[in-house]
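Results of the structural survey
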Amino acid sequence: MLKIFCSPSRYVQGPEASRSLAQQMAHLGIAERPLVIVSDAVRKQLEPVLNESFAAASVGFDLIDFGGECSAAEIERCQRAAERNGAGSIVGAGGGKALDTARAVASALNLPVVCMPTIAASDAPCSALSVVYSPQGIFERCQFYKRNPDLVLVDTSVIARAPERYLVAGMGDALATWFEAETTQRACKPNQVGGADTRVAIAIARLCYDTLLADGAMALEAARQHVVTPALERIVEANVLLSGLGFESGGLAVAHAVHNGLTALPETHAFLHGEKVAFGTLVQLVLEGRDSQEINEVLGFCAAVGLPVTLAQLGLDHLSAERARIVAERSLVDGETSHNEPFALTTTAVMDALFAADAIGRAHQG
Ligand SMILES: [Zn+2]
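Everything in this summary refers to the structure shown in the same document. Quick caveat: nothing in here was measured; it's all calculated off a predicted structure.

Moving on: the packing of aromatic side chains. Within this structure, the stated rule accounts for 2 aromatic pairs. Judged by centre distance (5.0 Å) and plane angle (70°), the rings of Phe 179 and Tyr 209 are edge-to-face. Here Phe 179, found in helix α6 (residues 164-186), pairs with Tyr 209, found in helix α7 (residues 199-225); they are 30 residues apart in sequence, far enough to count as distant. The pair Phe 179 / Tyr 209 is uniform in exposure class, with both members buried. For the cation-ring pair, Lys 97 lies above Tyr 133, with the distance from its terminal atom to the ring centre recorded as 4.0 Å.

What follows is about the pairing of strand β8 (residues 151-155). Across the 5 residues of β8, 5 count as buried, placing the element largely inside the fold. Residues of β8 alternate between two faces, with Leu 151, Leu 153 and Asp 155 on one and Val 152 and Val 154 on the opposite face, all of them buried. Across 4 bridges, the pairing between strand β1 (residues 11-14) and β8 is parallel. Looking at the pairing, Gln 13 lines up with Val 154 of β8. As paired strands, strand β5 (residues 113-117) and β8 are joined by 2 bridges and run parallel to one another. Each bridged residue has a counterpart across the sheet, and for Cys 115 the counterpart in β8 is Val 152.

Next up on the list: the sheet that holds β8. In spatial order, the strands read β1-β8-β5-β4-β2-β3; together these 6 strands make up an open sheet with parallel pairing. Taken across any chain shown, the strands that pair with only one partner, and hence form the sheet edges, are β1 and β3 (62-65). With direction set aside, neighbouring strand axes in the sheet form an average angle of 15°. Here strand β4 (residues 89-94) pairs with β5 via 5 bridges, running parallel. Considered in β5, the bridge of Gly 92 is made with Cys 115. Running at roughly 160° to β3, helix α3 (residues 72-85) makes contact with β2 (34-38), β3 and β4 of the sheet.

The rules behind the values
- Residues numbered from 1 in each chain as written.
- Predicted model: local features only at pLDDT ≥ 70, side-chain atom pairs only at ≥ 80, totals over all residues.
- Heavy atoms only, no water.
- Phe/Tyr/Trp six-rings, centres within 6.5 Å; stacked < 30°, edge-to-face > 60°.
- Helix = DSSP H or I, 4+ residues; strand = E, 2+ residues; numbered from the N terminus.
- Buried < 20%, exposed > 50% of the residue type's maximum accessible area, 1.4 Å probe, protein only.
- Lys NZ or Arg CZ within 6 Å of the ring centre and 35° of its normal.
- Pairing = 2+ DSSP bridges.
- Axes fitted to C-alpha atoms, helices over the stretch in contact; angles between N-to-C directions.
- Contact = heavy atoms within 4.5 Å.

Worth remembering: the numbers are spatial, not functional.
So this is what it looks like as structure tokens:
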């Protein structure tokens, strides 16, 4: 198996980074009549900044409001707008779904793409894939692209203004990165782009975990005050860049598969991706028979930043064995990343680990 490492062409992060969008795009030679797909929640905040940035660079651009769901219909609507306006590049500004739509439109038209996440709730912005849903919001498929984004631009002033729950969820997604990458490597399984792990991918995944432990609690305090601090900067980098590179070039394992299993139960739909991944990480550690020191470190981190460590915290109090079986079976379907574990998993083993992780989490809460 060949080693493969992938990443965006350029990553830019800092306070007021949005102001440099046109300049950064011009530097890469991709500031050609951009179509900006922008989320409702941030349009008011970003529009004046974008006007100023593109005017200063003498670049004309168009803005289209994101419809709220990354569906085939929404991708087509934005694609038609891009064609109509003669767009030379696509920019997605907003949450994960707006960015997923931007990547899909850019890929369909073979145009360069810029991702501007306005929350740091997951590690998707740097990746070369989109999750496509039905217009009603039901998962349909993952769509993979030839290339990662040309530019990922993260304005930490904008991230700091968002509700802190998003930053915490991003830490939950980032928490899994080291454990899943390490497991994938140990099992000699392929990463998310079908290659063997590089040393750099593993080092990045480890740095991601170390950054969470060192800065997570302090970054949360900054996010609560809506201020930008060095700790917040480091956590945004961990959530978006380190976790993004770490999961794609390092690999995923049972933590994300448990997340996918949990989504089969409607009670968990009110919870964010990263919140479910955090509990999935705990399940992975139990399944792998990790020692109590390692598990306690993860539990301590989750408690410090407020990530769920029990089923009740995910809306699943009094989960029956029957419904736990649904989660376990879903986490083990063909093609799931649970098969990247170095040993064969059974439905019973995953069910047992779900209940054991929950009990350990409850005991830790005292
Ligand atoms: Zn994830």
